[in-house]
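# Architecture and fold: a report
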Amino acid sequence: MPDAAIGLPRALRERLLATITARLPQKSFGYLLSAGDRRRPIDFLLFDANIRNSEGWREQFESYGRYFQEHDDAGFVATAEESWRVQRDIWSRGLVEAGAFHSHLRHPANFSGIDFDLHTQRFPRLWHLIVSMRNAASPQLRIFDICGGGVRELPIDDGSSCSPDSPDSPDSPDALDMPDSADSDSFDARDSSSPSNPSNPANPHDARRRPSRDATIARARQVLVLDRAGRPACRDMRVVAAAIDDLYACGDREAVHDLLTHGFLAGAAQRYDDFIAGDMRPLAGGTFTMGTPDVDRRHFCGESPAHAVELSPFRMASRPVTNVLLALMDDRRQPAARSAAQMPATDVSWHEARVFARWMGCRLPSEAEWEYACAAGSAGEWCCDERLLPRHAWYSENAGGTLRPVATREPNAFGLYDLHGGVWEWCRDRYDQDFYRRSPRLDPVAPGDPASHRVCRGGSLHALSEMCRTRYRLHEPPDFIAPDLGFRLARDETP
Amino acid sequence: MVRFLVPGHLAEPTFAASGPAVPQAMLLPDGAWPDVVQAIRRQCPDLAARVLTQTGTVAAGFALVVNDAVVQRNCESLRLRPGDELCIIATVAGG
């Protein structure tokens, strides 16, 4: 059964975000209020005082790990007195608590173990909205509901025809069914997940009508231009990605050949050989167990059920894409300081990541490939025992809130670095919290139009160990960027 | 008797649209706190299991309010008189 959406009217959402933004860097928390129907909040109420650092509470928060020791702004507790004042205020207005909410300053809008513990103890019947301000220019909202012993993310309905924060955007139909050749491939090799399909009536994210074939080709001719240095002249990677998607979707193989293979992507094979090939690790694939068994799902969303996945052989970069590598395509990415050259590239949108991947003769890894590569044969929560995680990852327990150069921790058993911690990594798949219940066994990729939220994996320098878990799933909109969000390259194994 | 107010965040869900939201209230016998605890356990066992400890104190994360004042001291010695108004509320907390 589809989840009941929470109606969060645009005006209420904007007022809430304006309030949270004005209070930065202070954490915001409070209630969303309704007139009776808890799926339809009409107002919110904020708490002022936070006694998280008071005697008794500080110790409890710090027991959750180093992140809570280093950041005394992480966590919140309302005073009893203010809680009562707020309660009287709610009653006096004839409203009722529909949900609780709080903001994150550095973390994505995920529902962590401490949220689960403290929320379920108090509010087993309220939903919980988390607002991530890790990119304050692009706040992200997610709503979680505790039900049946687990946690589910609920879609948000802002009153428009589609919800930008929906965790379950609709599928777009399969892309081209064309022979496998360089000229006829879809955007991402071995991928049928991402044509923009603008005329798809089931795709409310894209209201454009499908342009004519001529118009599509003319647009591609205009956008897919290289500058004198052979870099994309158009710097808006969403526009570039859409032009490529549309070109594939229009089915004109000659245009694909001319404008892509021998145009925009000319030199990709050489770039791959020169800059990427040496860093790629061949992975055998085969059958592995993806996801988390129901019995172990705790507060983790979308990880269940555990299911068998069969992967074809592929190659995966041993490390995330660095600043110096990304600068090959965009010279504005050239690191000013030498020390930044080997830092993972961040503030990269999914669109830019996939265009770069293709421009380098690669693609983004699928979520299944990513999980298989991260586990490296381990059935545990990480590629190693949790006590050894600091050897393999830069995360909240050892990064000190600082981004670190790639490959400066130990690799996993597959010779891959930084899959835990460092930066979150974009995957190719659309995020679908129920995908594991129906995903194909062989080389699964969740299909979706380019406006759909995309999967991010692995945790980051700020992440708690639970967020760095091999099977932990996160999602962001494809144009989202953040200072701890990057990507790595993958590629089909050449026969 | 004392009046026991149940805030919305502890009340049964009202997901279906309903009339104006008003605090749920019930009458409990007045008297010593252990007697009131017993009455809460009897009348709303699910709520009691969440907001009261086994020894009858208010659980961590909740606050007891009597006659519009938060009870700071130990509640075991509390004695509720006829007409008193009592409420237990959660104190919002998270990560």
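What counts, and at which threshold
- Residues numbered from 1 in each chain as written.
- Chains lettered and ligands numbered in written order.
- Predicted model: local features only at pLDDT ≥ 70, side-chain atom pairs only at ≥ 80, totals over all residues.
- Heavy atoms only, no water.
- Buried < 20%, exposed > 50% of the residue type's maximum accessible area, 1.4 Å probe, protein only.
- Helix = DSSP H or I, 4+ residues; strand = E, 2+ residues; numbered from the N terminus.
- Pairing = 2+ DSSP bridges.
- Contact = heavy atoms within 4.5 Å.
- Buried area = accessible area lost by both parts, 1.4 Å probe.
- Salt bridge = Lys/Arg side-chain N within 4 Å of Asp/Glu carboxyl O.
- Polar contact = N/O pair within 3.5 Å; in protein donor to acceptor, adjacent residues only side chain to side chain.
- Nonpolar A, V, L, I, M, F, W, Y, C, P; charged D, E, K, R; others polar.

## Quick word on helix H12 (residues 367-375) of chain A
All names here are of chain A.
- By the criterion of burial, H12 is predominantly enclosed, with nine of the nine residues buried.
- Within H12 the residues assigned to the buried category are Glu-367, Ala-368, Glu-369, Trp-370, Glu-371, Tyr-372, Ala-373, Cys-374 and Ala-375.
- Backbone geometry just downstream of H12 places Ala-376 in the positive-phi region, at approximately 50°.

## Examining the pairing of strand E2 (residues 29-34) of chain A
Residues and elements named next belong to chain A.
- For E2, the tally of buried residues reaches six of six residues, placing the bulk of the element in the interior.
- Strand direction decides the pairing type here: E2 and strand E5 (residues 96-104), joined by six bridges, are antiparallel. Looking across to E5, one finds that Phe-29 is bridged to His-102.
- Direction of pairing for E2 relative to strand E3 (residues 41-46): antiparallel, over a ladder of five bridges. Each bridged residue has a counterpart across the sheet, and for Tyr-31 the counterpart in E3 is Leu-45.

## Comments concerning the interface of chain B and chain A
- The interface is formed by 35 residues belonging to chain B together with 40 residues belonging to chain A.
- Note on chain B versus chain A: buried area summed over both sides is about 3,100 Å², and carbon and sulfur give 58% of it.
- The tally of links from chain B across to chain A stands at one salt bridge.
- Across the pair Asp-68 of chain B and Arg-88 of chain A runs a salt bridge whose closest N-O atoms are separated by 2.7 Å.
- Linking chain B with chain A are 16 residue pairs in polar contact (both at pLDDT 80 or more).
- Of all the secondary structure elements, the ones that give two or more residues to the side of chain B that touches chain A are strand E1 (2-6), strand E4 (62-66), strand E7 (85-90) and strand E8 (93-94) of chain B.
- For the side of chain B that touches chain A, the per-class residue count stands at 22 nonpolar, 10 polar and three charged.
- Both strand E4 (residues 76-77) of chain A and E8 of chain B contribute to a ladder of two bridges, which runs antiparallel. Its bridge partner lying in E8 of chain B, Phe-76 of chain A is registered against Gly-94 of chain B.

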